[in-house]
Amino acid sequence: MAQTLNNRQIADVFDTIADMLQLKGEIIHRILAYRRVAETIRELPRDLRALAAEDKLNEIDGVGKVLAEKISELLETGELRFYHELAQEIPPGLVEVLRVNGVGPKKAMLFYKELGIASIPALEAAAQAGKLRNLSGMGSKSEAKILESITALARRTNRVRLDTAWAAAEKLLRPLLQLPGVIQGDIAGSVRRGKSTIGDIDLLIASYQPLPIMEAFVHHPDVTRILGQGETKSSVELENGLQCDLRVVPPERYGTALSYFTGSKDHNTRLRERARDRGLSLNEWAFTPLEGGAEVLCASEPEVYAQLGLPWIPPELREDRGEIDLAAQGILPRLIEIKDIRADLHMHTTWSDGKLSVRDMAWIARERGLSYIVISDHSQSLGVANGLSVERLRAQREEIRAVDAEFAPSLRVFQGVEMEIRADGSLDYGDDVLEWLDVVIASLHSGLRQPREQVTARLLNAIRNPHVDIIGHPRGQMIPDREPADLDMDAVFGAAREHDTALEINASPYRLDLDDAHARRAAEMGIKIAVNTDSHNGDGFTALRYGIMTARRAGLRPEEVINTWSVESFLAWLRQ
Ligand code: DGT
Ligand code: CA
Ligand code: CA
Ligand code: ZN
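Residues numbered from 1 in each chain as written. Chains lettered and ligands numbered in written order. Predicted model: local features only at pLDDT ≥ 70, side-chain atom pairs only at ≥ 80, totals over all residues. Heavy atoms only, no water.

A separate point is the pairing of strand β16 (residues 529-532). Judged by which residues are buried, β16 turns out to be covered on both faces: Ile529 and Val531 on one side and Ala530 and Asn532 on the other are all buried. Looking at chain direction, strand β15 (residues 502-506) and β16 are connected through four bridges and run parallel. Note that in β16 the partner of Asn506 across the bridge is Asn532. Handedness of the crossover joining β15 and β16 through helix α22 (residues 516-524): right-handed. (Buried < 20%, exposed > 50% of the residue type's maximum accessible area, 1.4 Å probe, protein only. Helix = DSSP H or I, 4+ residues; strand = E, 2+ residues; numbered from the N terminus. Pairing = 2+ DSSP bridges. Right-handed = clockwise from strand over helix to strand, strands pointing away.)

Turning our attention to the sheet that holds strand β5 (residues 223-229). The five strands are arranged β2-β4-β7-β6-β5 in an open sheet whose pairing can be described as mixed. Each end of this open sheet is capped by a strand with a single partner; those strands are β2 (182-187) and β5. Within the sheet, the average angular offset between the axes of one strand and its neighbour, ignoring direction, is 20 degrees. Contacts between helix α10 (residues 162-177) and the sheet are confined to β2, β4 (201-207), β5, β6 (233-238) and β7 (243-249), with β2 contributing the most and set at about 175 degrees to the helix. Relative to the sheet, helix α12 (residues 210-218) contacts β2, β4, β5, β6 and β7, its axis offset from that of β7 by approximately 165 degrees. (Axes fitted to C-alpha atoms, helices over the stretch in contact; angles between N-to-C directions. Contact = heavy atoms within 4.5 Å.)

Attention now goes to the packing of helix α1 (residues 7-24) against helix α4 (residues 65-77). Closest axis-to-axis distance for the α1/α4 pair is 11 Å, and the angle between their directions is 125 degrees. Here α1 lies oblique to α4, going by the angle between them. The handedness of the crossing between α1 and α4 is right-handed. Contact with α1, carried on its side by Ile10, Val13 and Phe14, involves Leu67, Lys70, Ile71, Leu74 and Leu75 of α4 and no other residues of that element. (Parallel < 35°, antiparallel > 145°, perpendicular 65-115°, else oblique. Left-handed = near helix turned anticlockwise from the far one by under 90°.)

Protein-derived coordination of the calcium ion (ligand 2) comes from Asp200 (O), Asp200 (OD) and Asp202 (OD), at a distance range of 2.2 to 2.5 Å. Classification of the site at the calcium ion (ligand 2) as irregular follows from its six donor atoms and the range of 70 to 167 degrees in their angles at the metal. The distance between the calcium ion (ligand 2) and the calcium ion (ligand 3) comes to 3.8 Å, and Asp200 binds to both of them. Owing to a relative accessible area of 22%, Asp200 belongs among the partly exposed residues under this scheme. (Donors = N, O, S within 2.8 Å, 3.2 Å for Na, K, Ca; no water. Tetrahedral: all angles 85-135°; square planar, octahedral: opposite > 155°, others 65-115°.)

The coordination sphere of the calcium ion (ligand 3) contains the protein donors Asp200 (OD), Asp200 (OD), Asp202 (OD) and Asp245 (OD), at a distance range of 2.3 to 2.7 Å. Taken in chain order, the donor set of the calcium ion (ligand 3) reads D-x1-D-x42-D. Look at Asp245 and you get buried, because its relative accessible area is 5%.

Don't take any of this as a statement about function, it's just geometry.
What follows is the structure in structure tokens.
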């Protein structure tokens, strides 16, 4: 049988096809169709395999008959004839050359036809040897520019974690807000929307005096390179290669600009369509009547939405996943907020790989306003993390009981464990141990690359165990570069619902697992969600904000997240 491709691999095939069509000089329409479907598939919370089995491929946004057939072919055979035909004309390596700034499809084809260049290293070698300058339309200047772009490409790390970008953004913005003439400023773009990975930082400031602000911005100590400096927009690069754009707009236009630069692009497109239906055009500056007439300026974002007959939409929802329809019907969910959180159910202490004692963690949790916590150290087979033998687990119980007695009633402290789901599928403690623990979290840390059937069966075994309450970071992804395990999420969700096992949104910015799309789907199925920080030290608790943003992106209401429940409700749920 052919190897089964997962969603991501299929998305990659379509992206490569889009690049190849671009190199061929195909019409933009056709290229975009592949580009869009690749993006949709990449973010799809369901397996294409499962959708195909239900004959629902054509229900995916942007997938018509032709694309549905191509997906089926890829699923059934692991291959695509259309791709192989294209590859006869356009070597797939050539696609990579397009990533070099200043090399478009025409140039790439020219280099390929004249010099046989089909990779970035080959292009670099040719440029260094001075072979590009004599080609038609080229010169020594454009040759040098290509070399420069190749160097820049190597320096640019792709997307960064949300916490990295957020910290950098705050550090850049804070001193600017102190400058004279600054009325207001915000982080916009994907950081404001709380995406788990960030391409670049977008900052926005309201002021009538942009020049001194721009001057201060480009000379911020964290800036390593100035990419551009203008009156309305400046761009800089930071040490880690991260780019930051700052725009300064007049205060009376601030709302329109903030809405535009918060995005997402797709959300903006929907807003513009809605404006057009109302006889208005909308850009980053203002609404303008299509029939002509004076601009309508919006100083604040709610005014922008009001102009479109909508309530203000929280940034985390602005991904064109149906939020505008909900807003229009007045049924946007009341999204969970940090202040709704009463508990953290996953954290580590010096008993395993944490840095602080049970008592220290309790102290910090109470300082942060929590009313109950679960200490969940690692279990015995995770030797690298000093996992607990049954004997040590019993000794820890004494200590946790003592701390609980000390902190009650303002903070309750329960004993849990983060139990390994072992590589062979067995659980790390017997039922005789699990039954006396207050809370059991089961997690995969090893064997994440096992074949789908095997890794899924392990997780299902844990979900079905009546003592297991929560599955920790269910998919096992690490941001930005470890792919999730190849789990059959339909089966996982089905079992979690059946056995009333909660699934975690692990709030660590390295994980954010479940991700927004999967958490949304789980909650829609009635599965309970836990948002936990997995703290290993005092700073770990600050991760809560990322977990909450992910939960908000999933459209979660407070009651759908068990960490918002009273301790009585929580204990009642555990007993069930
Ligand atoms: P990123 O940087 O890749 O993590 O994602 P964003 O969403 O921050 O994207 P970015 O930095 O390219 O642009 C910031 C916002 O500006 C984006 O969310 C929407 C708006 N924007 C940028 N380019 C366009 C465009 O071509 N059309 C529309 N409608 N909006 C755009
Ligand atoms: Ca951005
Ligand atoms: Ca940007
Ligand atoms: Zn943990």
